[in-house]
Amino acid sequence: MNFATGMSPYSHKDWTPIARLISAYYGIMVRYDSPYKTLGDLLKDLKEDIGKVPFSGGTGDDRIVYGVVFSKAGIDVTKINYAAFGGGTEASGVVLEGSAKVLISSIDDVMGLLEAKRLRMLAVTQRRD
């Protein structure tokens, strides 16, 4: 994300991968009663007015997930309103109470909220072993 945000001149093309960086499944989630029913719905709003869609998530891998997904969709990730917390468990609170509209988190952090239908999954990462 340092390259995408302009903080570094180096991108993923400048390195040779030697290990997998993300071993958990990550998701893009919203409150269960959110008007966003699909990832396409969310992308549409982000393209129209990126500032009206605040995000919540963790401080590490979560940002890699949104950087990849939203950059590929043509969205300037440097303009996403993103509040970072210690992890998905903490970050889910601001989505549930409504201050943030979207949660980026590892699935295991919020599985109980997904099963209880308090959060809805819009997208999930795929692992490649």
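Just so it is clear, the model here is predicted, and its values are computed rather than measured.

A look at the pattern of salt bridges
Thought 1: For the structure on display, the rule yields 4 salt bridges.
Thought 2: Note that arginine 31 and aspartate 33 form a salt bridge whose closest N and O atoms lie 2.8 Å from each other.
Thought 3: Classification of arginine 31 by relative accessible area gives partly exposed; the value is 27%.
Thought 4: You can call aspartate 33 exposed: its relative accessible area is 53%.
Thought 5: A salt bridge links aspartate 45 to lysine 52, with the shortest nitrogen-to-oxygen separation between them at 4.0 Å.

Overview of helix α3 (residues 88-97)
Thought 1: Listed as buried for α3 are Gly88, Ala91, Ser92, Val94, Val95 and Leu96.
Thought 2: Where α3 is buried, its residues contact β1 (26-31), β2 (55-57), β4 (102-106), α4 (107-115) and β5 (119-124).
Thought 3: Note on α3: the residue one or two positions beyond its end, glycine 98, has a positive phi of about 105 degrees.

Considerations on the packing of aromatic side chains
Thought 1: For the structure on display, the rule yields 0 aromatic pairs.
Thought 2: Above the ring of tyrosine 32, the side-chain terminus of arginine 120 is found at 5.6 Å from the ring centroid.

As for the sheet that holds β5
Thought 1: Read across the sheet, 5 strands follow the order β3-β2-β4-β1-β5 without closing on themselves; strand pairing throughout is mixed. Edge positions in the open sheet fall to β3 (82-84) and β5, since each of these has one partner strand only. Going across the sheet, the axis of each strand differs from the next one's by a mean of 25 degrees, ignoring polarity.
Thought 2: Strand direction decides the pairing type here: β1 and β4, joined by 4 bridges, are antiparallel. Within β4, the residue paired with methionine 29 across the bridge is leucine 103.
Thought 3: Against the sheet, α3 touches β1, β2, β4 and β5, its axis set at about 160 degrees to β4.
Thought 4: Here α4 sits on the sheet in contact with β1, β4 and β5, set at roughly 120 degrees to β4.

Reading the values: rules and limits
Residues numbered from 1 in each chain as written. Predicted model: local features only at pLDDT ≥ 70, side-chain atom pairs only at ≥ 80, totals over all residues. Heavy atoms only, no water. Salt bridge = Lys/Arg side-chain N within 4 Å of Asp/Glu carboxyl O. Buried < 20%, exposed > 50% of the residue type's maximum accessible area, 1.4 Å probe, protein only. Helix = DSSP H or I, 4+ residues; strand = E, 2+ residues; numbered from the N terminus. Contact = heavy atoms within 4.5 Å. Phe/Tyr/Trp six-rings, centres within 6.5 Å; stacked < 30°, edge-to-face > 60°. Lys NZ or Arg CZ within 6 Å of the ring centre and 35° of its normal. Pairing = 2+ DSSP bridges. Axes fitted to C-alpha atoms, helices over the stretch in contact; angles between N-to-C directions.

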